[in-house]
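Chain residues, written in single-letter form:
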Amino acid sequence: MRGTENREFENRVRHATTTAKPKTPVGSPVARHGNGPDPHDLRAALEDAVATPTPSPSRKRQRIVYQDRFIPNREGVDLQASFSLLPSTPTKPPKRTPQGELHFQKNEQANNTFTHLLRSELFHNEIPQADPPLFNTRNSAASARIDPVGNRTPPITATNTNAPSTPSKNLFTYMSPKTGTTKSRHGPNMDTRSEIYSLSPVRYDSQKMLLSPRKQPRAVSKVPYKVLDAPELADDFYLNLVDWGSTNILGVGLGSCVYMWNSNSGKVTKLCDLGTEDSVTSVSWIQRGSHVSIGTNKGYVQIWDARECRRLRTMTGHTARVGALAWNDHILTSGSRDRAIYHRDVRAPDQYIAKLTGHKQEVCGLKWNCEDGQLASGGNDNKLFVWDRLTQQPLYKFSEHTAAVKAIAWSPHQHGTLASGGGTADRKIRFWNTLTGQPINEIDTGSQVCNLAWSKNSNEIVSTHGFSENQIVVWKYPSMSQVATLTGHTYRVLYLAMSPDGQVIVTGAGDETLRFWNCFAKSKNEGRISTAFDPLSQIR
C-alpha cells in the first residue's frame, strides 16, 4: 500500500511540473536553477495534495418546501420603491350606486317578483300559498269562514294542538305534470302554450307575470312648494299648535296669538290674542270647520267662531296647561299637564261631563276614532290608552313604548288600526288592533317620532321626526317601506297637519317656519269633493 501511495504522489508531482505555470511574472529577476522543477510549484502541489478540498464558491440551490397554500416571500423587495414605480395614470372612480327612494322601491319590487317566480317554478300549485295578514279586521270573520280548497293547511285538531301543521300535498312530486301535456284523441297535443314546446326556462304562467306591466314607483317632490314664516312658534314637544280645518283654513298658535291662513286666497287673519299673561298651547278644528278650540297655558279651553272671529265660551277644569285637544262631533276632549282628561259637551252648560284618570304624567296626545267611538290618549308616562266612548276606565293599556307617546293616528283604511310613535328613547312606530287589543307591527325609525298622519287617498302614513335627523318620512303600509324622505327643517319637526283633500301636508318646527309638501296623489273621487271646502261658497 505504501508503494502505491508513493507512486501516486510522484505522478501528481510530475503532472504539476508539466502543467503549472510560473507564478513569477514575465521578466522577473528571479531566475530558474537549472532545468529541474521549480520549488514553488512543488510546494504548491504538495499543499494541494495534503490539504482537504474546499467547498465550491458557487451557491448551492436551496431546498423548496411546498405547503398547502401560497405565502408570498417579500424578502429583499423594496415596497416603497415598487410603489413609486407604479404608473401615475388616474384610475376611474367607482360607479356610485343610486340611493334614492325610487331605487329602493324598484329593488323591493324586483325582490317580490323574484320571490313569486321562484315559488311558482319550484312548487307550482302543489303547496298552499302564504296568505297575507288580515289587516282589514272589518271582514276578518267573514274571511275566516271562506276557506278555498287547497289554499290553507288542514286545521289543527284539539288532541294535538302543539303539533305543526303540514301541507295537504307532498312538498316534492316525482312525476310529470298532468296539465298541459295531455294527448288528444286524434293525435299528440298541439297546444303551443304547452311546456313541451316552450323555449323559455320558465312556465307560461311565470312568463305572463314577467311580461305584465309593472306599477311605476311614485315620485315625491323633495322641495316644499311653499314656506311661511312662523315667528314665536314654540319648540316644545308636548304642544299641538298647528291644525288644518275642513274649510281649507290653517290655524297656527304663535306665542299668545292664533292666526288663520286661508289656503285658497293666501289671506292671513288674526283670530285672537291672549295677552302677555297667557299663551296658546293647543289648537284644534271641529270637523265641520266652523269653530276652533284653543288650549291655554293657564288651563283654560276656549271655543271661537272662525267666521266671526268671536269667542263663544271659556271652559275651566284643568289646573295646568292644556296641550292636547280632540273633537268628536259636539264632544270636545282636552288633555293637560295635570294628568287629567275631560270630556266636554259644548251644547251643555256644564264645564265637563266626564273626567278620565289613568296617566301618571302629562297628557300630550289625543285622537278620536269617530267611526268606532274610541279615544286614544298618549302621555309622558310612556303609556298609550284606548277608551271606549265616554267610559271612565280604559279599554286597553299599552305600555310597550319606552318614551313619551305624542304621535297618535287612526287609520281611515283599516278598521280599528291605531298607530303610535315614541319619543327619543323609543323611536319606534307601533301598530295596534284596537278591536282585539293585540299589537300588529312595529318599526324602529332611528329618531324621535313627533307626529303621525294617515293618507286619506292611499294606504300610506307620514311621520315627522326630531332628534337627530329632523326628517319627514312617507311610509307604505303595511310593508313599511320608505316612499320618500323629506328634509329641510333645522329643528325638530314638532307639528304636522294635512289638507282636506289629503294631498298636501304642512310641517312646523322650532326654526319658526311652516313648510308645505306635496306628498300624496289625488283622490279618485276628487270631483265629488263637497263645496264645503270652499269658504266662499258658504257666504249668502
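Residues numbered from 1 in each chain as written. Predicted model: local features only at pLDDT ≥ 70, side-chain atom pairs only at ≥ 80, totals over all residues. Heavy atoms only, no water.

Some words on the sheet that holds strand S21 (residues 438-444)
Item 1. Strands sit in the order S18-S19-S20-S21 across an open sheet of 4 strands; the sheet is antiparallel. In this open sheet, the two strands that pair with only one neighbour each are strand S18 (405-410) and S21. With direction set aside, neighbouring strand axes in the sheet form an average angle of 20 degrees.
Item 2. Here S18 pairs with strand S19 (residues 417-422) via 5 bridges, running antiparallel. By the bridge assignment for S19, Ile408 is matched with Ser420. (Pairing = 2+ DSSP bridges. Helix = DSSP H or I, 4+ residues; strand = E, 2+ residues; numbered from the N terminus. Axes fitted to C-alpha atoms, helices over the stretch in contact; angles between N-to-C directions.)

Let's talk about the environment of Tyr396
Item 1. If you trace the backbone, Tyr396 turns up in strand S17 (residues 396-398).
Item 2. For the pair Tyr396 and Leu384, spaced 12 residues apart in sequence, the C-alpha to C-alpha distance is 8.3 Å.
Item 3. In this structure, Tyr396 is in contact with Leu384, Phe385, Val386, Thr434, Leu435, Thr436 and Gly437, ignoring residues within four places of it in sequence. (Contact = heavy atoms within 4.5 Å.)

Overview of the packing of aromatic side chains
Item 1. Evaluated as defined, the whole model comprises 11 aromatic pairs.
Item 2. Summarising the aromatic geometry, the rings of Phe237 and Tyr238 are spaced 5.4 Å apart at their centres and angled 90 degrees between planes, so their arrangement reads as edge-to-face.
Item 3. Residue Tyr238 is classed as partly exposed on the basis of its relative accessible area, which comes to 22%.
Item 4. When the centroid spacing of 4.2 Å and the interplanar angle of 20 degrees are considered together, the rings of Phe398 and Trp432 count as stacked. Residue Phe398 is located in strand S17, and its partner Trp432 is located in strand S20 (residues 428-433); the two are separated by 34 residues in the primary sequence. Considered together, Phe398 and Trp432 belong to a single accessibility category, that of buried residues.
Item 5. Following the ring pairs from residue to residue traces out a cluster consisting of Tyr225, Trp244, Trp261 and Phe516.
Item 6. Just above the ring of Phe385 sits the side chain of Lys397; from NZ or CZ to the centre is 5.8 Å.
Item 7. A cation over an aromatic ring shows up here: Lys406 above the ring of Phe237, its NZ or CZ 5.4 Å from the ring centre. (Phe/Tyr/Trp six-rings, centres within 6.5 Å; stacked < 30°, edge-to-face > 60°. Buried < 20%, exposed > 50% of the residue type's maximum accessible area, 1.4 Å probe, protein only. Lys NZ or Arg CZ within 6 Å of the ring centre and 35° of its normal.)

Focus on the pattern of salt bridges
Opposite charge on two side chains allows them to pair when their charged atoms are near.
Item 1. Using the criterion set out here, one finds 11 salt bridges in the structure.
Item 2. Residue Arg389 pairs with Asp388 through a salt bridge whose shortest N-O separation is 3.2 Å.
Item 3. Overall, the relative accessible area of 49% leaves Arg389 in the partly exposed class.
Item 4. Residue Glu442 pairs with Arg430 through a salt bridge whose shortest N-O separation is 2.5 Å. Placement of the pair is Glu442 in strand S21 and Arg430 in strand S20, with a sequence separation of 12 residues.
Item 5. The class for Glu442 is partly exposed, based on a relative accessible area of 39%.
Item 6. We classify Arg430 as buried; its relative accessible area is 8%.
Item 7. Residues participating in the shared-partner salt-bridge network are Asp236, Arg321, Arg337 and Glu362. (Salt bridge = Lys/Arg side-chain N within 4 Å of Asp/Glu carboxyl O.)

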